[in-house]
Amino acid sequence: MKLPLGTQRTLAEIGDISRFTWRFFQECGRPKFEVQEFFRQCFMIGNRSLGLVAITGFILGLVMTIQSRPTMAQFGAEDWIPSMVAISIIREIGPVVIALICAGKIGSGIGAELGSMKVTEQIDAMEVSGTNPFKYLVVTRVWATTLMVPILVIFADFISLYGSYLAVNMRDVTSLALFTQQVVEILEFSDVLPAFFKTFFFGFAIGVIGCYKGYTSSKGTEGVGLAANSAVVVASLMVFIIDLLAVQITDLLGLT
Amino acid sequence: MLMTTPPTISDREVVLEVRHLYKSFGDNHVLKDFNLELYRGENLVVLGKSGSGKSVLIKCIIGLMHPEQGEIQVLAKNVIGLNKEQLDQMRTRVGFLFQSNALYDSMTVRENLEFPLRRHGRDKSHSEVNDLVMEALVNVGLPHTVDMMPSELSGGMRKRIALARTMILKPEIMLYDEPTTGLDPITSREINDLILKVQEIYKTSSIIISHDMGCVKYTANRVALLVDGRCFASGSYADLQKHPDSAVKGFFQ
């Protein structure tokens, strides 16, 4: 029985991405790590996403607080708003929303950059210069996204909670110290650690997918657009799949 | 105008030799039993129609593509049998000028030129690297562009910077992939002059891929015609002009 063409293509792509990921681990184990380029990528990925992540986080906290107030008020549980918002943001919404933002910003950026380098023969030029382009371009970017996405998520979580604090103060009056106390009292390690841990996988997936799409792009300039576009789509999908797996594993380990 | 004298038969040393090369893409057999020699100090132009496999040939020579069969001897080493380290070592002695220039968009001109030096000349001090970068830029007449980005340069300037980057390691063999394609006649002439200047200053042996007859006439010591995947004819520009076969005549009319 022959599988439909679409299924064949999807399976072939999963195979290609797996091979690409395996090559990443192989190249990591070989000497001459491109330290300078790695730090440059960390700066580019982190610094350039900071503003977007901050605004997203702030609005997220603000909107969640404003939207949840009427429901909480119906149950006379307005005092619980900081705790409820903190758990929602730290455990789930913060990591996932920021990872999706990063998939859009960083994933597409990497896909377009490497795709453009591929079609303008810059990757070939690098190879001719005696440089391993996979190590220089892919390994450094994947490590940079793996380490920078968690940092961006932590940063966004703080900004988000500050947004929530401001939203609480729109109707009521509460001090920052009291708000912080409520947040800290409700949060446990089982809320923070699994959520933090999964962000490394989000970052890794965004880096691998962005690099894979760019590095293997073809069809000239049209391919660059396709690489950027499909990097966002596939990386976003991967974020949800990883999140689903993370929730299942956390549940199995009894950390819910 | 710079002119070079073709080497005489007696001092001809083969620096690059291609033997029985086969390369195909699916059912498209691009190179079929292709043979070629490059002699020390000469400019050999490989002439052929678009899509005839000229660029594939030099990409096989530099190791960017892998032929199905055949042998490529570059400076007495068979490229096909080399491992990654040996190939990198060989590439320090062979320069490649890409058709699209392939300048790194995210780097300044200085960083572009420093890139191969940092890879292969790790023992060089900062001032030595700077001197080499400036020397390469002066040779192509663009020292003032050192801190500019590639996007700020014209097509001709980008081509010259790409040539400067290729020449910074002072390779013995140069491979030019359609160096004048897409340039206006005046800029093409400037690039042709630079090719001759490189040959004279660095004593390079070069394979120039082109179908620009101005470039062929101006730069070639010898011309090889690639037709149907084979080296159909070779000789001086004047010899091929008088060739009786219509496949050769078509290029020179």
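Each chain has its residues counted from 1, running along the sequence as written. For naming, the first written chain is A and the first written ligand is 1, with later ones following in the order written. Per-residue local features of the predicted model are confined to residues with pLDDT of at least 70, and side-chain atom pairs are confined, for both listing and counting, to 80 or more; whole-chain, interface and lining totals are unaffected and use all residues. Only hydrogens and water are removed before side-chain values are computed, so all heavy atoms of the structure are retained for them.

Chemist: Any details on the overall build of chain A? Residues and values, ideally.
Modeler: Summing up its helical and strand segments, chain A has eight helices and zero strands in all. To qualify as a helix, a DSSP run of H or I must reach at least 4 residues; to qualify as a strand, a run of E must reach at least 2; elements of each kind are numbered from the N terminus. Of the regular secondary structure in chain A, the N- to C-terminal order runs α-α-α-α-α-α-α-α. Across its three principal directions, the C-alpha atoms of chain A cover 65 × 50 × 35 Å. By residue count, 48% of the 256 residues in chain A fall in the buried class. Residue pairs at least 24 apart in sequence account for 84% of intrachain contacts in chain A once pairs closer than 6 positions are excluded. Exposure is judged per residue with a 1.4 Å probe applied to protein chains only, and the accessible area is read against the type maximum: over 50% gives exposed, under 20% gives buried, and values in between give partly exposed. We call two residues contacting when some pair of their heavy atoms lies within 4.5 Å.

Chemist: Tell me about the sheet that holds strand β5 (residues 77–78) of chain B, and name the residues and values.
Modeler: Residues and elements named next belong to chain B. Read across the sheet, four strands follow the order β2-β1-β4-β5 without closing on themselves; strand pairing throughout is antiparallel. Since the sheet does not close on itself, it has two edges, and those belong to β2 (28–39) and β5, each with one partner. To get an axis, fit a line to the C-alpha atoms, keeping to the stretch in contact for a helix; angles then go from 0 to 180 degrees between the N-to-C directions. On the sheet, helix α1 (residues 54–62) packs against β1 (14–25), β2 and β4 (69–74) and is oriented at approximately 115 degrees with respect to β1. The pairing criterion for strands is at least two bridges between them, as found by DSSP.

Chemist: Can you tell me about the packing of helix α5 (residues 155–167) of chain B against helix α6 (residues 185–202) of chain B, naming the residues and giving the values?
Modeler: Residue and element names in this part refer to chain B. It is at 10 Å that the axes of α5 and α6 come closest, and there the two elements cross at 15 degrees. By the angle between their axes, α5 is roughly parallel relative to α6. Note on packing geometry: the crossing formed by α5 with α6 is right-handed. Between α5 and α6, the residues in contact are G156, K159, R160, L163 and M167 and T187, E190, I191, L194, V198 and Y202, respectively. Polar here means any residue outside two lists: the nonpolar Ala, Val, Leu, Ile, Met, Phe, Trp, Tyr, Cys and Pro, and the charged Asp, Glu, Lys and Arg; Gly therefore counts as polar. Broken down by class, the residue content of the contact of α5 with α6 amounts to six nonpolar, two polar and three charged. With respect to orientation, any angle under 35 degrees is reported as roughly parallel, any angle over 145 as roughly antiparallel, any angle of 65 to 115 as roughly perpendicular, and every other angle as oblique. Take the far helix as your reference; a near helix turned counterclockwise from it by less than a right angle gives a left-handed crossing, and one turned clockwise gives a right-handed crossing.

Chemist: If you had to explain the pattern of salt bridges to someone new, which residues and values would you point to?
Modeler: Salt bridge, as used here, is a side-chain nitrogen of Lys or Arg placed within 4 Å of a carboxyl oxygen of Asp or Glu. Scanning all chains against the criterion turns up 26 salt bridges over all chains. In this structure, E92(A) engages K198(A) in a salt bridge whose closest nitrogen and oxygen atoms are separated by 3.1 Å. Placement of E92(A) in helix α3 (residues 81–119) and of K198(A) in helix α7 (residues 189–215) is noted, with a sequence separation of 106 residues between them. Residue E92(A) is classed as partly exposed on the basis of its relative accessible area, which comes to 28%. Here E42(B) and R222(B) are joined by a salt bridge, their closest N and O atoms 2.8 Å apart. Of this pair, E42(B) sits in the loop between β2 and β3 (43–48) while R222(B) sits in strand β9 (residues 222–227), and the two are 180 residues apart along the sequence. E42(B) sits in the buried class, given a relative accessible area of 2%.

Chemist: Pulling in residues and values, what's your account of the sheet that holds strand β6 (residues 94–97) of chain B?
Modeler: Residues and elements named next belong to chain B. The strand order across the open sheet formed by six strands is β6-β7-β8-β3-β9-β10, and the pairing between neighbours is mixed. Each edge of the open sheet carries a strand with a single partner, namely β6 and β10 (230–235). Pairs of neighbouring strands in the sheet enclose a mean axial angle of 20 degrees, with direction left out of account.

Chemist: If you had to explain the interface of chain A and chain B to someone new, which residues and values would you point to?
Modeler: Contacts between the two partners involve 17 residues from chain A and, on the opposite side, 21 residues from chain B. When two parts are put together, the accessible area they lose, computed with a 1.4 Å probe and summed over both, is reported as buried area. For the chain A and chain B pair, buried surface summed over both sides reaches about 1700 Å², with 50% attributable to carbon and sulfur atoms. Among the residues chain A hides against chain B, the three largest losses belong to E121(A), Q122(A) and V128(A). Together they make up 34% of the total. Our count for the chain A to chain B interface comes out at two salt bridges. Its salt-bridge partner being E34(A), residue R119(B) comes within 2.8 Å of it at the nearest N-O pair. N or O atoms within 3.5 Å of each other form a polar contact, as long as, within protein, one can give a hydrogen and the other can take it, and as long as residues adjacent in sequence are counted only when both atoms are side-chain atoms. Where chain A packs against chain B, one counts eight residue pairs in polar contact (both at pLDDT 80 or more). Counting residues per element, the ones that place at least two in the side of chain A that touches chain B are α3 and α4 (122–128) of chain A. Of the residues assigned to the side of chain A that touches chain B, the class counts are five nonpolar, six polar and six charged.

Chemist: Now, about the nonpolar core: what can you tell me, with residues and values included?
Modeler: Within soluble globular proteins, side chains that are nonpolar generally end up buried alongside one another. Throughout, nonpolar core names a set of buried Ala, Val, Leu, Ile, Met, Phe, Trp, Tyr and Cys residues whose side chains join them through atoms within 4.5 Å. I61(B), V74(B) and I207(B) are the most contacted members of the largest nonpolar core, which totals 81 residues. For this core, the element with the most residues is helix α5 (residues 133–171) of chain A, which contributes twelve residues. Those residues within four positions of I61(B) in sequence are excluded, and the remaining contacts are L16(B), V18(B), I72(B), V74(B), V79(B), M90(B), L175(B) and I207(B).

Chemist: Got a sec to walk through the confidence of the model for chain B? Specific residues and values, please.
Modeler: Atomic detail in the predicted coordinates should be set aside for any region of low pLDDT. All names here are of chain B. Of the residues in chain B, 95% have a pLDDT of 70 or more, and the chain-wide mean is 88. For chain B, the element scoring lowest by mean pLDDT is helix α9 (residues 246–252), at 81; strand β7 (residues 173–177) scores highest, at 94. The score called pLDDT rates the predictor's confidence residue by residue, from a low of 0 to a high of 100. Low pLDDT (under 50) marks residues 6–10, which in the prediction has four contacts with non-local residues, meaning those over four places away or in another chain.

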